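What follows is the residue order along each chain.
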Amino acid sequence: MNSEERKSLLATLPHVKGRLVEGAPMARLSWFRTGGNADILFEPADEDDLVKVLRCLPGSVPITVIGVGSNLLVRDGGIEGLVIRLGRGFSDICMRGNVVNAGAGAMDVHVAKAAAKSGLTGLEFLVGVPGTIGGAVRMNAGAYGREVKDVLKHAHAVDRFGHIEELQPEDFGFSYRHAKLKDDMIILKASFHAKLGETDAIEEKMREISASRSESQPLGTRTGGSTFKNPEGAHAWKLIDDAGCRGMSIGDAQVSEKHCNFLINHGGASAAELETLGEQVRERVKANSGVELEWEIRRIGRNAGGQ
C-alpha cells in the first residue's frame with residue numbers, strides 16, 4: 001500500500017479503543033530487532049475492538065497476526081495490509097477447577113507460573129516456550145517432551161469477517177509444530193487440561209527447565225528461538241553442527257556458537273542477511289546429510305524492493 005491507500009483504509013475503519021498506526025516500525029516488535037514497517041498496525045484493546053474492525057475490513061486487505069514477535073522474522077520490505085498485535089487486552093489468565101484459561105496474548109511462561117501457583121501440573125513445559133498462547137496453539141508449540149496438543153481442551157478463534165467459534169482439538173489437525181488451521185483464523189483464547197499437584201514439585205520442575213534453557217540456548221541475545229524444526233528421528237542442531245555451520249556468519253547475522261539451531265542478530269543484521277544465512281545452513285545440511293531442514297521461524301512480509 002502507498003501512503004494514500006493506507007490513509008484511505010484508515011478512514012473506512014471504525015473508531016477503536018486500541019491503536020491503529022500507519023507505517024508502524026516492526027523491528028521494535030520482533031525479538032530479532034530487524035525488519036521493515038507494517039502498512040497499518042492494529043493493537044486492539046479487547047475482543048470487541050478486534051471484531052468491530054474485522055467486520056469493517058475490506059476482504060482484499062491482507063491480515064497478519066503477531067504476538068510478542070519471539071518466533072518471527074519480518075522481512076526488510078515490511079508487511080502489507082493490516083498487522084494485528086494481540087497484547088495486554090488478551091492476556092488474562094484464570095483457573096476453573098483443573099482447567100487453565102488463558103488469552104491469546106498471555107505469555108506462555110506466565111501461564112505456566114500461574115498454573116504452578118494454583119498447584120496445577122501439566123503445563124510446566126510452557127516455561128520453556130518463548131512467546132504467547134495464541135502462537136503456541138497456532139503452531140502446536142512444545143518443549144521438553146510435551147506439546148500443546150497434549151493439553152489443549154478447546155480454543156476460541158475469530159475469522160477475518162468477525163465470526164467467533166469454539167474449536168476442539170480435533171479441529172486443529174495437530175502435527176509436529178503445526179496445526180491445520182485456516183490462515184484467516186485468529187486465536188482469541190484457549191483452555192488447557194491440568195492436574196492437581198504439589199506446588200513445590202511443580203516449581204522445581206520449572207526451575208530445571210529454565211536452567212536447562214539458560215545453559216544450552218543463547219538467551220539474552222537478538223534471536224528468534226529455534227530456527228528449524230527437528231526432522232523425524234534427528235536433532236536439527238546436530239545436523240547443522242555436523243555440516244560445519246556452527247558460528248557461520250553474514251555480516252552481523254550469525255549461527256549461534258552456543259546452540260547452532262539459533263540465529264543471532266549481533267546488532268546490525270538485516271532480515272535478508274538472517275534469512276540468507278538460514279538458507280545457506282539448509283543447503284549445507286542437505287549436501288552433508290541429505291536432510292532438508294524446514295523453517296520453524298515464521299518469515300513474513302516483503303523483501304526490500306517490495307518483492
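Everything in this summary refers to the structure shown in the same document.

Analysis parameters
In every chain, residue numbers begin from 1 and rise along the written sequence. Confidence filtering applies because this is a predicted model: local features only for residues at pLDDT of at least 70, side-chain atom pairs given and counted only at 80 or more, and all residues used for totals across whole chains, interfaces and linings. Each side-chain value is derived from all of the structure's non-hydrogen atoms; neither hydrogens nor water enter the calculation. Salt bridges are defined by distance alone: a side-chain nitrogen of Lys or Arg within 4 Å of a carboxyl oxygen of Asp or Glu. Every helix listed is a DSSP run of H or I at least four residues long, and every strand listed is a run of E at least two residues long, numbered separately from the N terminus. Relative accessible area decides the class of each residue, using a 1.4 Å probe on protein chains only: under 20% of the type maximum gives buried, over 50% gives exposed, and in between gives partly exposed. Note on pairing: two strands pair once DSSP finds at least 2 bridges between them. Pairing of aromatic rings covers Phe, Tyr and the six-membered ring of Trp, with a centre-to-centre limit of 6.5 Å; geometry is then stacked below 30 degrees between planes, edge-to-face above 60, and tilted otherwise. By the convention used here, residues are in contact when the closest approach between their heavy atoms is within 4.5 Å.

All right, on to the pattern of salt bridges then. Taken as a whole, this structure holds 20 salt bridges when the rule is applied. Among the ionic pairs, Arg85 bridges to Glu43, the shortest N-O distance being 3.1 Å. Of this pair, Arg85 sits in strand β5 (residues 79-85) while Glu43 sits in strand β2 (residues 37-43), placing them 42 residues apart in sequence. Glu43 gets classed as buried once you look at its relative accessible area, which sits at 14%. A salt bridge links Lys149 to Glu147; the shortest N-O distance between them is 3.6 Å. One connected set of salt bridges, linked through shared partners, spans Arg75, Glu275, Glu279, Arg282, Lys286, Glu292 and Arg299.

As paired strands, strand β6 (residues 93-96) and strand β7 (residues 99-103) are joined by four bridges and run antiparallel to one another. Bridging from a neighbouring strand, Arg96 pairs with Val99 of β7. Between the antiparallel neighbours β6 and β7 lie two residues, among them Gly97 with a positive phi of about 65°.

A word on the packing of aromatic side chains. Counted under the stated rule, the structure contains two aromatic pairs. Judged by centre distance (4.9 Å) and plane angle (0°), the ring pair of Phe172 and Phe174 falls under stacked. For Phe174, a relative accessible area of 18% gives the class buried. Pairing Phe228 with Trp295 gives two aromatic rings, centres 5.0 Å apart and planes at 55°, and the pair type is tilted.

Okay, the side chain of Gln217 next. Its place among the elements puts Gln217 in the loop between α6 (199-216) and β15 (222-223). For Gln217, a relative accessible area of 13% corresponds to the buried category. Here Gln217 is in contact with Tyr144, Lys258, His259 and Phe262, once residues within four sequence places are set aside.

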